[in-house]
Amino acid sequence: MGGYMASIIPDFIKDYCDSIVIGDGEISYPRLLKDYEKSGNIQPVYNEQLENLNDLPLPRYDLLLQKKIGFLLPVQAGRGCPYTCSFCSIACIYNGRYMFRPVKDVMRDITYIKKLGCNRFYLIDDNIASNPDYLFELANQIKPLKMMWAGQCSIMLAKNPKLLKLVADSGCRLISLGIESISQEGLDDLNKNWVKVNEHEEMLQRISSQGILPATEMIVGTDGDTIDSIKETYKFIMKNGIPIPKFYIMTPMPATTLYKELKNQGRILHENYKKYTAASAVFQPKNMTPEDLERMYWWLYKKIYTIP
């Protein structure tokens, strides 16, 4: 087994598999295969971390085209994130480390996609705007291709008007943004105090004004949330005309800093990880009951996603 859950809590799953691959698989997975070919045996854990993302092979995009995957092909630019928000599984694995692929390698993948007849791609990167110089160079090279693309980054992109305009001019039409909450207390508690609630509206307007659709990721149930603040979240979404709002119940994923904090406070309700779906309350909220949190979560979704 590999992936995020296996990497974060290997002791929890070790009895269900022969081997666990922790973190990036480019070194570990081939070693696992070679061990098996050589002796028929594999080690219980493979944990070989990459030093960089240079010279990764060209993905087999031709195989993806044989499947019904929508109209965006994925292109990876980087892995990890320089921030260490307490709720984030990425922070668990990379611990603030952020690796970028060389721009020429990213462009190799993008131009290959274009040769295959696809004019859209999704830039796989958890926070592409955290390295403005890198994104500036990449967007400059994407622009002449006249393609459309989507990606994800922090709302801080809007604080760099020159870069934001270039990103839009290069064909970016949708960005997923983790604004998380309209409660500054909630953001501060999640170690995301570099995002300021009183700037949300202006930052979103800047992004929209460039022709980029903002897809907002928001958490309900932070320690700054109340039933009334969740109702205000609805008003915030409607006032700003956010076209793609997404919501999640704050979920202390195992091994995150948030999980450890709530565990120490005795606020974890259970450890049935099948219910750690971000649509169920698995902890005791500070200002409401777990039942109230779930009720308000579904109220918010049903209120937003109606025909009116």
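Residues numbered from 1 in each chain as written. Predicted model: local features only at pLDDT ≥ 70, side-chain atom pairs only at ≥ 80, totals over all residues. Heavy atoms only, no water.

S.K.: What am I meant to see in the overall build of the protein here?
M.R.: Across its full length, the protein carries 13 helices and 10 strands. In terms of principal-axis extent, the alpha carbons of the protein reach across some 60 × 50 × 35 Å. Looking at the protein residue by residue over its 308 residues, the buried ones come to 45%. Long-range contacts, defined as pairs at least 24 residues apart, comprise 67% of the intrachain contacts of the protein with a sequence gap of at least 6. Of the roughly 15,900 Å² of accessible surface on the protein, 53% is carried by carbon and sulfur atoms. A gap of 7 Å separates the mean positions of the 37 positive and 35 negative side-chain charges of the protein. (Helix = DSSP H or I, 4+ residues; strand = E, 2+ residues; numbered from the N terminus. Buried < 20%, exposed > 50% of the residue type's maximum accessible area, 1.4 Å probe, protein only. Contact = heavy atoms within 4.5 Å. Areas by Shrake-Rupley, 256 points an atom, 1.4 Å probe, with all protein chains shown as cover. Lys, Arg positive; Asp, Glu negative; His and termini not counted. Charge placed at Lys NZ, Arg CZ, Asp CG, Glu CD.)

S.K.: Would you mind showing me how to read the pairing of strand β8 (residues 172-180) here?
M.R.: Strand residues, when the strand is regular, have side chains that alternate between the two faces of the sheet. Counting buried positions along β8 gives seven out of nine residues, so the element sits mostly inside the fold. Both strand β7 (residues 148-153) and β8 contribute to a ladder of five bridges, which runs parallel. Counted as the bridge partner of Gly151 is Ile175 from β8. One crossover worth recording links β7 to the parallel β8 by way of helix α8 (residues 161-169), and it is right-handed. Where β8 lies against strand β9 (residues 213-220), six bridges are found, and the strand directions are parallel. Looking across to β9, one finds that Leu177 is bridged to Thr216. (Pairing = 2+ DSSP bridges. Right-handed = clockwise from strand over helix to strand, strands pointing away.)

S.K.: What exactly am I supposed to notice about the pairing of strand β6 (residues 120-124) here?
M.R.: Only one face of β6 is buried: it carries Phe121 and Leu123, and the other face, with Arg120, Tyr122 and Ile124, is open. Note: strand β3 (residues 73-76) against β6, four bridges, orientation parallel. Note on β6: the bridge partner recorded for Pro74 is Tyr122. Chirality of the crossover, the property in question, places the unit of β6, helix α7 (residues 132-142) and β7 among those that are right-handed.

S.K.: Even after reading the chapter, I still don't get the environment of Lys34, so can you show me in this structure?
M.R.: With respect to the helices, strands and loops of the structure, Lys34 is situated in helix α3 (residues 28-39). A C-alpha to C-alpha distance of 26 Å links Lys34 and Asp62, two positions 28 residues apart in sequence.

S.K.: What exactly am I supposed to notice about the sheet that holds β8 here?
M.R.: Two pairing modes exist for strands in a sheet, parallel and antiparallel, and in both the strands are linked by backbone hydrogen bonds. Spatially, the six strands line up as an open sheet ordered β3-β6-β7-β8-β9-β10, and their pairing is parallel. Two strands lie at the open edges of the sheet, namely β3 and β10 (244-249), each paired on one side alone. Neighbouring strand axes in the sheet, compared pairwise and without regard to direction, differ in orientation by 20° on average. The sheet strands contacting helix α13 (residues 290-304) are β9 and β10, and the helix crosses β10 at an angle near 170°. (Axes fitted to C-alpha atoms, helices over the stretch in contact; angles between N-to-C directions.)

S.K.: Help me understand the nonpolar core in this model?
M.R.: Looking at soluble globular proteins, one finds that nonpolar side chains tend to be buried together. Within the largest apolar cluster, 74 residues are counted, with the highest numbers of intra-cluster contacts made by Ile110, Phe121, Leu123, Leu157 and Val167. Residues within four places of Val167 in sequence aside, it is in contact with Leu135, Ala139, Trp149, Leu157, Cys172, Ile175 and Ile212. With seven residues, the next largest nonpolar core counts Leu53, Cys81, Ile90 and Tyr94 among its residues. (Core = buried A, V, L, I, M, F, W, Y, C linked by side-chain atoms within 4.5 Å.)

S.K.: What exactly am I supposed to notice about helix α12 (residues 257-264) here?
M.R.: Side chains three or four residues apart in an α-helix point the same way, a direct result of the helix having 3.6 residues per turn. Every buried residue of α12 is accounted for by Leu258, Tyr259 and Leu262. The buried residues of α12 all sit within an arc of 100° when viewed along its axis, so they share a single face. Just downstream of α12 lies Gly266, where phi reads positive at about 70°. (Arc of directions from axis to C-beta.)

S.K.: Can you walk me through unusual backbone geometry in this structure?
M.R.: For residues other than glycine, phi is negative in most cases, and the peptide bonds are mostly trans. Positive phi, close to 60°, is recorded for Asp55, a residue that is not glycine. The backbone of Glu180 sits at a positive phi, close to 70°, despite the residue not being glycine. Secondary-structure assignment places Glu180 in strand β8. Given a relative accessible area of 7%, Glu180 falls into the buried group.

S.K.: Looking at this structure, how should I read the packing of aromatic side chains?
M.R.: This structure, assessed with the given rule, holds 13 aromatic pairs. For the pair Tyr273 and Tyr276, a centre-to-centre distance of 5.1 Å together with 90° between the ring planes defines the contact as edge-to-face. In this structure, Lys303 is placed above the aromatic ring of Tyr234, and the distance from its NZ or CZ to the ring centre is 5.3 Å. (Phe/Tyr/Trp six-rings, centres within 6.5 Å; stacked < 30°, edge-to-face > 60°. Lys NZ or Arg CZ within 6 Å of the ring centre and 35° of its normal.)

S.K.: How should the pattern of salt bridges be read in this particular structure?
M.R.: Counting across every chain of the model gives 18 salt bridges. For Arg108, the salt bridge is made with Asp109, and the minimal N-O distance between the two is 3.0 Å. Given the relative accessible area of 31%, Arg108 is considered partly exposed. Where Glu202 meets Arg206, a salt bridge forms, and the shortest distance between an N and an O atom there is 2.5 Å. Taken together, the positions of Glu202 and Arg206, both in helix α10 (residues 200-209) and four residues apart, correspond to about one turn of that helix. (Salt bridge = Lys/Arg side-chain N within 4 Å of Asp/Glu carboxyl O.)

S.K.: Looking at this model, I keep getting lost on the side chain of Ser7. Mind explaining?
M.R.: As for its position among the elements, Ser7 is in helix α1 (residues 4-8). Residue class for Ser7 comes out buried when judged on its relative accessible area of 12%. Beyond its immediate chain neighbours, meaning those up to four positions away, Ser7 contacts Val21, Ile22, Gly23 and Ile93.

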